[in-house]
Amino acid sequence: MAIRVLFFGRLHEVVGAREREIEPPDWVDTPAALIDWLAAGDARIGAALSAPSVRVAVDQAIVERDSPLAGAREVAFMPPFSGG
Amino acid sequence: MDAEKVSIRISWTPFDPEAEAAHFRRRCARAGAIATFLGQVRGENGAVASLALEHYPGLTEAEIGRIAEQACARWPLEAVAIAHRVGVMAPGEPIVFVAAAAAHRRPAFEAVDFLMDYLKSEAPFWKKETGADGSARWIEPRAEDSRDKARWAPDASSQGAQRAWRK
């Protein structure tokens, strides 16, 4: 099933897109695996997305990188928040 | 979340802090104490041309709601209001307005302080500053922001005392 992936803040500049519609292979079953697949050999994207300060949300809930991705419609990568 | 008690608004257009404060006061006309905070875009003596704020519609409101709920659980508040700008702003424009109403001043002051510390680093917003010289940079939370937030940890004061004592 297609997943919408969102890149916020400086991450969209690293990735080169604010969002992407993707159809990942079956082995992409966690956000961590999704990072490997998205980076696909691009070390810069891999490093930016897997930085410990980056938070991941699956269907608008903040989750750990090893949580299941099954059935997800939307995944977001979020660099450190800076509100207020 | 108690929708009667908590109001959260994300705005793409400039908001009027006086109107927000007047509206909040009408909502809790019988509260003994109202504390408000207004954050504005810093001009840095002309060095900053504009500030762009982005958010994650849906998650941002939900996370602010969780922060407001924590404040309501911690202090006896009658009402809370949070208005936050997104989009491109010029120096001097309001970014954030926070208000808390309680029977007495201390909970109102503390709740506003707490809400601001959490909005800084726990609400999904991202800031990019463009300088007068055209240079742009993403603003990341500063160490003092996490120190400010750590003040609200359950045993922060005793930990702080211990740390000082160990030195």
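Residues numbered from 1 in each chain as written. Chains lettered and ligands numbered in written order. Predicted model: local features only at pLDDT ≥ 70, side-chain atom pairs only at ≥ 80, totals over all residues. Heavy atoms only, no water.

### Observations concerning the overall build of chain B
Then comes step 1: The helix and strand inventory of chain B stands at five helices and eight strands.
Then comes step 2: Reading chain B from its N terminus to its C terminus gives the helix and strand order β-α-β-β-α-β-β-β-α-β-β-α-α.
Then comes step 3: Relative to the compact-globule value of 15 Å for 167 residues, chain B shows a C-alpha radius of gyration of 17 Å, a close match.
Then comes step 4: Once the C-alpha set of chain B is aligned to its principal axes, its extents read approximately 50 × 45 × 30 Å.
Then comes step 5: Burial status across chain B gives 44% buried among its 167 residues.
Then comes step 6: A fraction of 76% describes how many contacts in chain B between residues 6 or more apart in sequence connect residues 24 or more apart.
Then comes step 7: Total accessible area on chain B is roughly 9100 Å²; 50% of this is exposed by carbon and sulfur atoms.
Then comes step 8: Across chain B, the mean location of the 23 positive side-chain charges is 5 Å away from that of the 23 negative side-chain charges. (Helix = DSSP H or I, 4+ residues; strand = E, 2+ residues; numbered from the N terminus. Rg over C-alpha atoms; globule rule 2.2 N^0.38 Å. Buried < 20%, exposed > 50% of the residue type's maximum accessible area, 1.4 Å probe, protein only. Contact = heavy atoms within 4.5 Å. Areas by Shrake-Rupley, 256 points an atom, 1.4 Å probe, with all protein chains shown as cover. Lys, Arg positive; Asp, Glu negative; His and termini not counted. Charge placed at Lys NZ, Arg CZ, Asp CG, Glu CD.)

### Re empty space enclosed by the protein
Residues and elements named next belong to chain B.
Then comes step 1: Here the structure, examined in full by the defined rule, presents one cavity of 30 Å³ or more.
Then comes step 2: Of the pockets and cavities examined, the largest cavity occupies roughly 30 Å³.
Then comes step 3: Those elements that provide at least two residues to the lining of the largest cavity are strand 7 (125–131) and strand 8 (136–139).
Then comes step 4: Looking at the lining of the largest cavity, its residues break down into five nonpolar, one polar and three charged. (1 Å grid on protein atoms, 1.4 Å probe; cavity = no way out; pocket = protein on both sides within 12 Å on 5 of 7 lines; lining within 4 Å. Points joined across faces, edges and corners; volume = space filled by probe spheres on them. Nonpolar A, V, L, I, M, F, W, Y, C, P; charged D, E, K, R; others polar.)

### A few points about the pattern of salt bridges
Then comes step 1: Inspection of every chain in the model, using the stated rule, returns 16 salt bridges over all chains.
Then comes step 2: We note a salt bridge from E19 of chain A to R4 of chain A, for which the minimum N-O separation is 2.9 Å. Here E19 of chain A, found in strand 2 (residues 19–22), pairs with R4 of chain A, found in strand 1 (residues 3–7); they are 15 residues apart in sequence, far enough to count as distant.
Then comes step 3: For E19 of chain A, a relative accessible area of 39% translates into the label partly exposed.
Then comes step 4: Residue classification places R4 of chain A among the partly exposed residues on the basis of a relative accessible area of 30%.
Then comes step 5: Close ionic contact of E129 of chain B with R137 of chain B constitutes a salt bridge, the shortest N to O distance being 3.3 Å. (Salt bridge = Lys/Arg side-chain N within 4 Å of Asp/Glu carboxyl O.)

### With respect to the environment of A153 of chain B
Then comes step 1: Here A153 of chain B shows up in the loop between helix 4 (143–150) and helix 5 (156–166).
Then comes step 2: C-alpha separation for the pair A153 of chain B and E20 of chain B, spaced 133 residues apart in sequence, amounts to 30 Å.

### Notes on the interface of chain A and chain B
Then comes step 1: Listed by partner, the interface residues are 21 residues for chain A and 25 residues for chain B.
Then comes step 2: Here chain A meets chain B over a buried area of about 1900 Å², counting both sides, of which 52% is carbon and sulfur.
Then comes step 3: Ranking the residues of chain A by area buried against chain B places F81, S82 and G84 of chain A at the top, with a combined share of 35%.
Then comes step 4: In this structure, the connection of chain A to chain B is made through four salt bridges.
Then comes step 5: A salt bridge links K128 of chain B to E13 of chain A, with the nearest nitrogen and oxygen atoms 2.4 Å apart.
Then comes step 6: Every element with two or more residues in the side of chain A that touches chain B is listed here: helix 1 (10–15), strand 3 (55–58), strand 4 (61–63) and strand 5 (74–78) of chain A.
Then comes step 7: Here the side of chain A that touches chain B is composed, by residue class, of ten nonpolar, six polar and five charged. (Buried area = accessible area lost by both parts, 1.4 Å probe.)

### Some thoughts on the layout of surface pockets
Then comes step 1: Of the volumes computed, that of the largest pocket is approximately 610 Å³.
Then comes step 2: Contributing to the lining of the largest pocket are 27 residues, with G84 of chain A together with R42, K120, K127 and R142 of chain B lying nearest its centre.
Then comes step 3: Taken together, the elements giving at least two residues each to the lining of the largest pocket come down to strand 2 (33–40), strand 3 (48–55), helix 3 (105–122), strand 7, strand 8 and helix 4 of chain B.
Then comes step 4: With five residues, the top contributor of residues to the lining of the largest pocket is helix 3 of chain B.
Then comes step 5: Tallied by class, residues from the lining of the largest pocket come to ten nonpolar, five polar and twelve charged.

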